[in-house]
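Notes for the structure review
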Amino acid sequence: MSRLQAEHLYKVFGRRPDQAVRKLEGGTHRDELRADGTTAAVIDASFTVEPGQIFVVMGLSGSGKSTLLRMLNGLLEPTAGRVLFDGQDLTALSPRDLRSVRSNKISMVFQHFALFPHRSVLENAAYGLEVQGVPRAEREARAAEALELTGLAGWEKSWPDELSGGMQQRVGLARALATDADLLLMDESFSALDPLIRRDMQDQLLELQKRLKKTIVFITHDLNEAMRLGDRIAVMRDGEIVQQGTAEDILVRPSNDYVASFIQDVDRSRVLTAGSIMEAPETGRSDEDLLAEAPATVTSETPIAELFTPFSTSGAAVAVTGEEGDVIGVVPRERLLAALGEEPQVEPQEDPRPDTQVPAPRDEAKKVIAGA
Amino acid sequence: MPRLSFGSWVEDAVDWLQSNLTWIFDFIKTVLGGMYDGVNAVLGGGEPLLMAGIFAVIAFWLRGVIPAVATFVGFALIDSLALWDEAMATLSLVVVAAVITIVIAVPTGIWAARNSRVSSALRPVLDVMQTMPAFVYLIPGVMFFGVGVTPGVIATIVFAMPPGVRMTELGIRQVDSELVEAAEAFGTSPKHTLTRVQLPLALPTIMAGINQVIMLALSMVVIGGMAGAGGLGEKVYAAITQLQVGLAAESGIAVVILAMYLDRMTGALNERVSPLGRRAAAKVAAGARRLKFTHYKPGTAVAMTGVVVLALVAGGLNIAGSSDAKGSQADASDVGQGQKINMGYIPWDEGIASTFLWKEILEQRGYETGITQLDAGPLYSGVARGDIDFQTDSWLPTTHKDYWDKYSDQLDDMGAWYGPTSLELTVPSYVKGIDSLEDLKGQGKKFDGKIIGIEASAGMMGTLNKKVLKEYGLEGEYKVVSSSTSSMLQPRERDPERRPGQGAGRRPRLAEEERRSRRQAGPGAGWRGRLAAGQGRGQDRQHGLLPLGRGHRLHLPLAEHAGGPGIQDDGQAARPGSALHGSRAGPARRPVRLLAADDAQGLLGPVQGQPHRSRFLVRPHLAGAERPLVRQGHRLARGPQGPGQEVQGQDHRHRVERRDDGHPQQEGAQGVRPGGRVQGRLLQHLVDAASSVRRSWPRWRWSSRRAAPARRRSPPAAG
């Protein structure tokens, strides 16, 4: 059973939201609604998140991704649609039950950390447990544990304003982990950090995830981050989910011009894997032959960025092996270069609708990559 | 546009409230008065220097060594200005008003922060509270709650509330919404979001609001003083209306010391109560390099111990001291047996003089006295309500006509003690060629076209405006500018006599003058008999009658023969107010020339056969048996001039102890001052007054005849 399921979520701000939802369902565009002073922030969003998965929602600012996230834990009530968490419909809960779910099962990490400046690091990390009503000694022990997990042991007595941004976000993460919630909602959690720290945090999150196997919904506007972290990625634009799939799905098969333009500056060498570009080995050659000739042996999950060094010393194809060590394919040098050169099929064009303000994705992506 | 009768609706509402909801006002008055009395008993009860020590310990706790020393010096200074009791009364008023304000303002602010509708509904209300001139609700406050602390506290609460509400709302609204969201995301209930996140983070702003509340409360004490709330405010009000600059400055300094103390302490309180404040303070302390000890602050427990120890010592001394005081009071002259008599006066010289004379007389007879300086409106309303037992300076039939008309049902006119008087215009004597009202015509330029009047509340101002100017053809040329009796006289005092003619302030001034001798003859025919027939009895022209129990009346001679008190133009007038307060004695000579219309009847208040006179108003029960000033059967046999004069009872004798032992009693013993600072000067003055009285009234006497048929609008309460 999936852990989290969103079914046709709508969020409309402004007057007569229900009517607006009916119009949207009937095919009216959100720009026509805006003339009446209603804003459709999220339109017909549906997805499922499996246990232990990192589900990334990616989109530029104003695309509705934060609104979507806040509907998942009931901070915002959907105008229409349902959120099922472990089969329980969150939208049908009373405020008190909803608070109880939030306090025990869902926790959240914020973009600007949202640490309480009047509480020490330890008290911040213990906040969720305090809300649950855990006695002081136990909650402080568990909070200290969570801080250790995020690499902040020894900082318990410090105050948030004494920590660097990265450390503050580790406190935020520790606060979210301390409650032992199954679902972690992360709202652009690493966007406010320096590129190097951000990378560190991403690594740490992946590391933690291997051990803790939480279910994570991660919001970001950074495609590279999405590609790095996401088991599945949903790309949002103007309140709608325009494509869902794995990183490679999106990179290799962008569903429309928008996604294509979005991904054009992505460092493909880090997203594409050997498995996705490999060719079948020449017929008649044995695995031993291929392995002996190959400058390196990789798995199908290896990013192609790691193939450059072997190719610098040899012209032979790199062997891709399966789980049993058998050769499942090869990547010749030409294929690698061709894969890198495969720009998205559609050139980015001027948006035909003058009143939608989509910042040029090229710039956004460049900045992120330069940083990363 | 149709004239909206908004004002009369308000008046109707006020009348209705007064007659139907008395119990609410009485309840509020009881609660507020009780709170004030309790706080004042604590603050004012201790030995001043010990109390200053307690304040200093609090300053030490909150701010450190140097502020503590400054606090002690400041409060010691207040004590040495002889303003300690007043300062503590003011502090009590501020504390009571601030506590009530905060108790109301903070929850209201929280409510407004959580509910935009409440916020927008509150905004105009707060605007009204903040900008409506305080007098507008102060005077109804006096009507509802009477003269005293309550209207002052209420006016203060109304005025000080808005910043408390606004800053609370602002503080909560400006808490980072992401933090509130974070709290909600972790399942915090709204109540806990408030207490765990919003309030702690808003606390610095709320504390700034509380600081403003307290400062505004302090700034209202002077206005509270006008409604009869005691303390520094009353002192300042009395001083400025009597132009006693020195006393005003002293009281002002005391207010400033209180203000600075309260400001710094509430400012620093933030560092103790809010975690954010503690963090900031710890940083500052860590950053200090030199003079680290000045940043040392004792812990809360240490400070509490200090306060408690000092308070216990103060309390102990207080108990010891009060038992001493009681022992010395038992006295044969204790006719009043500590009953309290409240007197009120308008800051007019003859009113001040007679009131303080009465104070002395009553205190000698064992009464406790309370004296409040008030504007005419609150004064009449206070007497009518019974907050004030009597006032001596009621000018009828003209000047205080409006008040008399409104309150005569609740007042007893005990007769005139001084008269006939007249209302006149005066010019400085160095102005040549102007000897009567008619001479003023065409001279408007010389006087800037202004006639400086007295208080706008005085009826004579209207008469002057409506009638006199017209009658004498001065309309258009002169404007009557309202002022106050003392400030009207002030520029004239400033004028150097040696610069006649074109000197500054050459204006005709309106004065209430009593001296017939100085009056200039003038064609006043147009004035005489214009006003309605007189109402007073008038048979006792020279002295007022205060009933002292059944059938007894004390004649108070205070006529012009008394020579001293309250005669504005004779240059020698002593001012009991100033003598009492220890500042300079009698004012400088004020040479004036009176421009009177008629030498027999006066100018503005003439009634045929019934001259204007200063009257003595009492609240009804004093006229009856409910609260006699002396017990029946006591007679004062001789004048009060000598030490140890006798009071003869019908069946026993009392010796009257006087406090001017050793003071020379001969007539004309001017300039000799007895030792006591305050009482001495007062007694000097009293004796001066009394000795001139003796020329025409050889003795005080109790009249044992039945009370003359006093014209009473309401029957006496009993007996």
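**Things to note about the overall build of chain A**
The secondary structure content of chain A amounts to 18 helices and 13 strands. Buried residues in chain A amount to 45% of all 372 residues. Within chain A, contacts between residues separated by at least 24 positions form 70% of all contacts whose residues are at least 6 apart in sequence.

**Brief notes about the overall build of chain B**
Within chain B, the regular secondary structure consists of 23 helices and 15 strands. For chain B, with 719 residues in total, the buried portion stands at 47%. Across chain B, the fraction of contacts at a sequence separation of at least 24, relative to all contacts at a separation of at least 6, is 79%.

**Section: the sheet that holds strand 4 (residues 80-85) of chain A**
Residue and element names in this part refer to chain A. Pairing is antiparallel across the open sheet formed by 4 strands, whose spatial order is 2-1-4-5. A strand with exactly one partner marks an edge of an open sheet, and here the two such strands are strand 2 (39-49) and strand 5 (88-89). This element, helix 3 (residues 65-72), spans strand 1 (4-13), strand 2 and strand 4 of the sheet and lies at about 120° to strand 1.

**A word on the interface of chain A and chain B**
Each partner contributes to the interface: chain A provides 18 residues, whereas chain B provides 16 residues. Sorting the residues of the side of chain A that touches chain B by element identifies helix 4 (95-104), strand 6 (106-109) and helix 6 (127-132) of chain A as the ones contributing at least two each. When residues of the side of chain A that touches chain B are assigned to their parent elements, the largest contribution, 4 residues, is made by helix 4 of chain A. Of the residues contributing to the side of chain A that touches chain B, the split by class is 9 nonpolar, 7 polar and 2 charged.

**Some points on the sheet that holds strand 6 of chain A**
Residues and elements named next belong to chain A. Taken together, 6 strands build an open sheet; the order of strands is 6-7-8-3-9-10 and the sheet is mixed. Each of the sheet's edge strands pairs with one partner strand only, and the pair in question is strand 6 and strand 10 (240-245). Looking at each pair of strands side by side, their axes are set apart by 20° on average, direction ignored. In terms of strand pairing, strand 6 meets strand 7 (residues 183-187) through 4 bridges, oriented parallel. Bridge pairing in strand 7 places Val109 opposite Met186.

**Focus: the packing of helix 8 (residues 149-173) of chain B against helix 10 (residues 190-219) of chain B**
All names here are of chain B. At a minimum axis distance of 8 Å, the contact between helix 8 and helix 10 shows a crossing angle of 160°. Compared by their axis directions, helix 8 and helix 10 come out roughly antiparallel. Crossing handedness for the pair helix 8 and helix 10: right-handed. From helix 8, Thr156, Phe159, Ala160, Pro163, Gly164, Arg166, Met167, Thr168, Leu170, Gly171 and Ile172 reach across to helix 10, where they touch Gln198, Ala202, Thr205, Ile206, Ala208, Gly209, Ile210, Gln212, Val213, Leu216 and Ala217.

**Re the nonpolar core**
The biggest cluster of nonpolar side chains holds 217 residues, and the ones touching the most others in it are Ala125 and Val331 of chain A together with Leu93, Ala97, Ala160 and Ala217 of chain B. Here this core takes 16 residues from helix 5 (residues 84-114) of chain B, the largest share from any one element. Once you skip the residues sitting within four places of it in the chain, Ala125 of chain A turns out to touch Ala143, Ala146, Leu147, Val171, Ala174, Arg175 and Ala178 of chain A.

Criteria and cut-off values
Residues numbered from 1 in each chain as written. Chains lettered and ligands numbered in written order. Predicted model: local features only at pLDDT ≥ 70, side-chain atom pairs only at ≥ 80, totals over all residues. Helix = DSSP H or I, 4+ residues; strand = E, 2+ residues; numbered from the N terminus. Buried ≥ 20, exposed ≤ 12 C-beta atoms within 10 Å, placed from the backbone. Contact = placed C-beta atoms within 7 Å. Pairing = 2+ DSSP bridges. Axes fitted to C-alpha atoms, helices over the stretch in contact; angles between N-to-C directions. Nonpolar A, V, L, I, M, F, W, Y, C, P; charged D, E, K, R; others polar. Parallel < 35°, antiparallel > 145°, perpendicular 65-115°, else oblique. Left-handed = near helix turned anticlockwise from the far one by under 90°. Core = buried A, V, L, I, M, F, W, Y, C linked by C-beta atoms within 7 Å.

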